[in-house]
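So the chains spell out like this:
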There are 2 protein chains.
Amino acid sequence: MTRNANINEEALTVGVRPPAVILCEPQLGENIGTAARAMANFGLVDLRIVNPRDGWPSEKARAAASRADHVIDKVQVFDSLEAAIADLTFVYATTARSREVAKPVRGPDEAAVKVTGLGAEGLATGYIFGRERWGLNNEEVALADEILTLPVDPNFASLNIAQAVLVCAYEWRKTATSGALPFTLDTETNPPAKKEDLLRLFDHLEGALDRVTFFRPVERRPHIIRNIRNIFQKAELTDQEVKTLRGIIAALEGRPTRPRKDEAGEGTAGAVDLGAADDTPAERDGA
Amino acid sequence: MTRNANINEEALTVGVRPPAVILCEPQLGENIGTAARAMANFGLVDLRIVNPRDGWPSEKARAAASRADHVIDKVQVFDSLEAAIADLTFVYATTARSREVAKPVRGPDEAAVKVTGLGAEGLATGYIFGRERWGLNNEEVALADEILTLPVDPNFASLNIAQAVLVCAYEWRKTATSGALPFTLDTETNPPAKKEDLLRLFDHLEGALDRVTFFRPVERRPHIIRNIRNIFQKAELTDQEVKTLRGIIAALEGRPTRPRKDEAGEGTAGAVDLGAADDTPAERDGA
């Protein structure tokens, strides 16, 4: 696995008690493995299986789990769903079809909010997933507190167990870490430009355009200038980008540029002053 | 596929233009198929592939797509990523590792908001996914507007292409349908109880408990009553559930019950009046 050089620390740790994942009578060892792998991607580790058809342990499950051995090694096996959820305080039953069981129906995002809220109190929760072919029966659904269903296209609902686990685990982690991503745009080495530098860029560009009589008729100048400035404002330019653009304009003008501090009279006559920047890479001197 | 008897109509149609999914140099036909199936679950149909290693069409892809033939049949093949995204106006590059490419980094939920916002205007958007082993190179990422990454556990990041597609497609549909689920709790046939019926239930229960001198010492009666009422308020009882509870209490009291309108003097002496309800199922007569 490739590690990010600059991993966002918030994405590493989750401060709430994670939910368990309960597979009710899974038929294929391979599906137990892919479910374990889906869990591991989002930091879930507590996998419980009830009456696995092909028994346990399962080499097919371990193989399908890829590197999620830490989940496979800790799998707990139960002979009833009641036993599997005995120590939990709030449980979701995942189902694709509506039931006669009168329980609230939630999406994975709502379930994640509930589960992380309880997990923040140190309470144990869980998601139940049913058999490959026909899910859970009504008695099993009745053991849960609420029903969970995914917002699939009803015309093509065919998620397998691992996919349902994946989406639920994704929503859980997203909620538990408040959406922390493993990495983000690095604004330390790429700070956004200050408005004064942006205005200097505009002055530079508009001066250059004036010199080539770009604004015709001159009455439209304010309007066109607003449009042009808007382009660069939308770009949310960084310091370096402003410098790059100023170098571009100066090059097109045929004027030399040299980075220097704000002191009058120094350097090449007519050279474009790019502002107070000690670390600006040297720009190409114009003709 | 099992159709729900009462499908929530809002979950069926999506009113915004859906994004395209672009697979850049997919190595295995099977992964193209599983990606197509993931898309179909959430209503995406526009799949584009760039330089598939094993060519196209692919029987492995069709087999892995399961019933998503409608996606496989419409796959477009391109010989460059530039060509694949030429008609799009906003594109995400999905990557697990941070890059030297200075673009904003978004989660699948933020991306879904952006894409549905543009799709509501009829604008074409897309998500780019890279090769199985190493994703996208920097030049390919640079072609996109923003970077998308999933909030995985950085210690175990191993999502495959179809899984990344699945989560993005899930977020898209959830956002595009405002979270509409295929089915919800049916409150038409199971209406919530009105407060007056709830209070009658409380009066009934508390009267029964008084008669067996439940509240001892009597000074604690108000406190205990508040706790008991809280239990049933938390349960968000339906009409029918209130009736069921009243039947339970009456049975435990040893009193008969019979549904009748609010008229004094009719029916069995001491029978519990369950309130004005013509459709209450007959309760068992007490001893």
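Criteria and thresholds
Within each chain, residues carry numbers counting from 1 in the order of the written sequence. Chain letters start at A and ligand numbers start at 1, both assigned in the order the entries are written. Confidence filtering applies because this is a predicted model: local features only for residues at pLDDT of at least 70, side-chain atom pairs given and counted only at 80 or more, and all residues used for totals across whole chains, interfaces and linings. Calculation of side-chain values draws on the structure's entire complement of heavy atoms; hydrogens and water are dropped beforehand. UniProt positions are given in the numbering used here, feature names are shortened, and annotations may be inferred rather than shown by experiment. Runs of E in the DSSP output that reach at least two residues are strands. Runs of H or I that reach at least four are helices, and both are numbered from the N terminus. The buried label goes to any residue with under 20% of its type's maximum accessible area, the exposed label to any with over 50%, and the partly exposed label to all in between, with areas taken from a 1.4 Å probe on protein chains only. Residue contacts are counted whenever heavy atoms from the two residues lie within 4.5 Å of one another. Where accessible areas are quoted, they stem from the Shrake-Rupley method and a 1.4 Å probe; at the residue level, only the protein chains shown are allowed to cover. Note on definitions: buried area is the accessible-area loss of two parts on being combined, 1.4 Å probe, summed for both. By salt bridge we mean one thing: a side-chain nitrogen of Lys or Arg within 4 Å of a carboxyl oxygen of Asp or Glu. What qualifies as a polar contact is a pair of N or O atoms within 3.5 Å, subject to a donor-acceptor requirement within protein and to the restriction that residues adjacent in sequence count only when both atoms come from side chains. A least-squares superposition brings the copies together, and it is based on the C-alpha atoms of residues with pLDDT no lower than 70 in both. Cysteine sulfur atoms that come within 2.5 Å of each other are treated as a disulfide pair. Under the convention used throughout, the expected extent of a helix is 1.5 Å for every residue step, that is, one less than its residue count. Should DSSP find at least two bridges between two strands, the strands are regarded as paired. What counts as an axis is a line fitted to C-alpha atoms, over the stretch in contact for a helix, and the angles between N-to-C directions run from 0 to 180 degrees. To sort the angles, those under 35 degrees are grouped as roughly parallel, those over 145 as roughly antiparallel, those from 65 to 115 as roughly perpendicular, and the leftovers as oblique. For any helix crossing, the convention is left-handed if the near helix is rotated counterclockwise from the far helix by under a right angle, and right-handed if that rotation is clockwise. When residues are grouped by polarity, Ala, Val, Leu, Ile, Met, Phe, Trp, Tyr, Cys and Pro land in nonpolar, Asp, Glu, Lys and Arg in charged, and all others, Gly among them, in polar. Note on scores: pLDDT gives the predictor's confidence for each residue, bounded by 0 and 100.

In the nomenclature of an unreviewed UniProt entry, chain A is known as tRNA (cytidine/uridine-2'-O-)-methyltransferase TrmJ of Pannonibacter tanglangensis. Recorded in UniProt under Subunit (unreviewed entry), the annotation for chain A is "Homodimer."

**Considerations on the overall build of chain A**
Regarding its fold elements, chain A presents 10 helices and nine strands. When the 287 residues of chain A are sorted by exposure, 48% land in the buried category. Look at the contacts in chain A between residues 6 or more apart in sequence, and 78% of them connect residues 24 or more apart. For chain A, the exposed area adds up to about 14200 Å²; of that, 50% sits on carbon and sulfur atoms.

**Notes on the interface of chain A and chain B**
Tallying the contact residues gives 54 residues for chain A and 54 residues for chain B. Between chain A and chain B the total buried area reaches about 5100 Å² when both faces are included, carbon and sulfur atoms providing 63% of it. The largest share of the area that chain A buries against chain B comes from Pro151(A), Phe156(A) and Phe183(A), three residues that together contribute 15% of it. Between the two partners, chain A and chain B, sit six salt bridges. Here Lys174(B) and Asp109(A) are joined by a salt bridge, their closest N and O atoms 3.8 Å apart. Our count for the chain A to chain B interface comes out at 12 residue pairs in polar contact (both at pLDDT 80 or more). Of all elements in the fold, only helix 1 (29–41), strand 5 (105–106), helix 5 (108–120) and helix 7 (161–176) of chain A reach the threshold of two or more residues within the side of chain A that touches chain B.

**What about the relation of the copies chain A and chain B?**
Expressed as a screw transformation, the operator carrying chain A onto chain B has a rotation angle of 180° and an axial translation of 0.0 Å, and the superposed copies differ by an RMSD of 0.1 Å. Here the copies are linked by what is in effect a two-fold axis. Of the C-alpha atoms belonging to chain A, the one lying closest to the rotation axis is found on Val167(A), 3.2 Å away.

**Notes on the state of the cysteines**
Residue and element names in this part refer to chain A. Under the defined criterion, the tally for this structure stands at zero disulfides over all chains. We note that Cys168 lacks a disulfide partner, and the nearest cysteine sulfur, in Cys24, lies 16 Å from it. For Cys168, a relative accessible area of 2% translates into the label buried.

**Considering helix 8 (residues 195–211) of chain A**
All names here are of chain A. Counted at 1.5 Å a residue, the expected span for helix 8 with its 17 residues is 24 Å, and the 24 Å between its end C-alpha atoms agrees. Looking at helix 8, one finds that the buried residues are Asp197, Leu198, Leu201, Phe202, His204, Leu205, Glu206, Gly207, Ala208 and Leu209. A positive backbone phi angle near 50° is found at Thr213, which sits one or two residues after helix 8.

**Side note on the sheet that holds strand 5 of chain A**
Residue and element names in this part refer to chain A. Strand order in the open sheet formed by seven strands is 3-2-1-6-4-7-5, with parallel pairing between adjacent strands. Looking along the sheet, the strands with just one partner apiece sit at the ends: strand 3 (76–78) and strand 5. Across two bridges, strand 5 lies against strand 7 (residues 146–148) in parallel orientation. Bridged to Arg106 within strand 7 is Leu148. Helix 1 contacts strand 1 (20–24) and strand 2 (47–50) of the sheet and is inclined by roughly 155° relative to strand 2.

**Regarding the packing of helix 8 (residues 195–211) of chain B against helix 9 (residues 221–234) of chain B**
Residues and elements named next belong to chain B. Between helix 8 and helix 9, the least distance of the axes is 11 Å, while the angle of their chain directions is 135°. By the angle between their axes, helix 8 is oblique relative to helix 9. In the crossing of helix 8 with helix 9, the sense of the turn from one axis to the other is right-handed. Facing Leu198, Leu199, Phe202, Asp203, Leu205, Glu206, Leu209 and Asp210 of helix 8, the residues of helix 9 in contact are Arg221, Ile225, Ile228, Arg229, Phe232 and Gln233. When grouped by side-chain class, the residues that make up the contact of helix 8 with helix 9 number eight nonpolar, one polar and five charged.

**Some words on the pattern of salt bridges**
Residues and elements named next belong to chain B. All told, the structure shown has 34 salt bridges over all chains when counted by the stated rule. In this structure, Glu253 engages Arg211 in a salt bridge whose closest nitrogen and oxygen atoms are separated by 3.0 Å. A residue pair is termed long-range when its members are at least 10 positions apart, and Glu253 in helix 10 (residues 239–253) and Arg211 in helix 8 qualify at 42 residues. The class for Glu253 is partly exposed, based on a relative accessible area of 23%. For Arg211, a relative accessible area of 53% gives the class exposed.

**Some details on the environment of Ile22(A)**
All names here are of chain A. With respect to the secondary-structure elements, Ile22 resides in strand 1. Of the residues examined, Ile22 reaches a relative accessible area of 0% and is grouped as buried. A sequence separation of 230 residues divides Ile22 from Leu252, and the C-alpha atoms of the two residues are 65 Å apart. When sequence neighbours within four positions are dropped, the list of residues in contact with Ile22 reads Arg48, Val50, Leu81, Ala84, Ile85, Leu88, Gly126, Tyr127, Ile128 and Phe129.

**Notes on the confidence of the model for chain A**
When pLDDT is averaged along chain A, the result is 87, and 85% of the positions lie at 70 or above. Scored below 50 in pLDDT, residues 1–5 of chain A makes 13 contacts in the model with residues more than four places away or belonging to other chains.

**Describing the side chain of Thr116(A)**
Turning to its location among the elements, Thr116(A) is positioned in helix 5. Of the polar contacts made by the side chain of Thr116(A), one reaches the backbone oxygen of Val113(A); its length is 3.2 Å.

**So, unusual backbone geometry**
Only a minority of non-glycine residues have a phi that is not negative, and only a minority of peptide bonds are not trans. Here the residue pair Trp56(A) and Pro57(A) is connected by a cis peptide bond, since its omega of 5° sits within 30 degrees of zero. Relative to the helices and strands, Pro57(A) resides in the loop between strand 2 and helix 2 (59–64). With omega at -10°, the peptide bond leading from Arg216(B) into Pro217(B) counts as cis. Summarising the element assignment, Pro217(B) is placed in the loop between helix 8 and helix 9. Not every positive phi belongs to a glycine, and Glu25(B) is a case in point at roughly 55°. In this fold, Glu25(B) is placed in the loop between strand 1 (20–24) and helix 1 (29–41).

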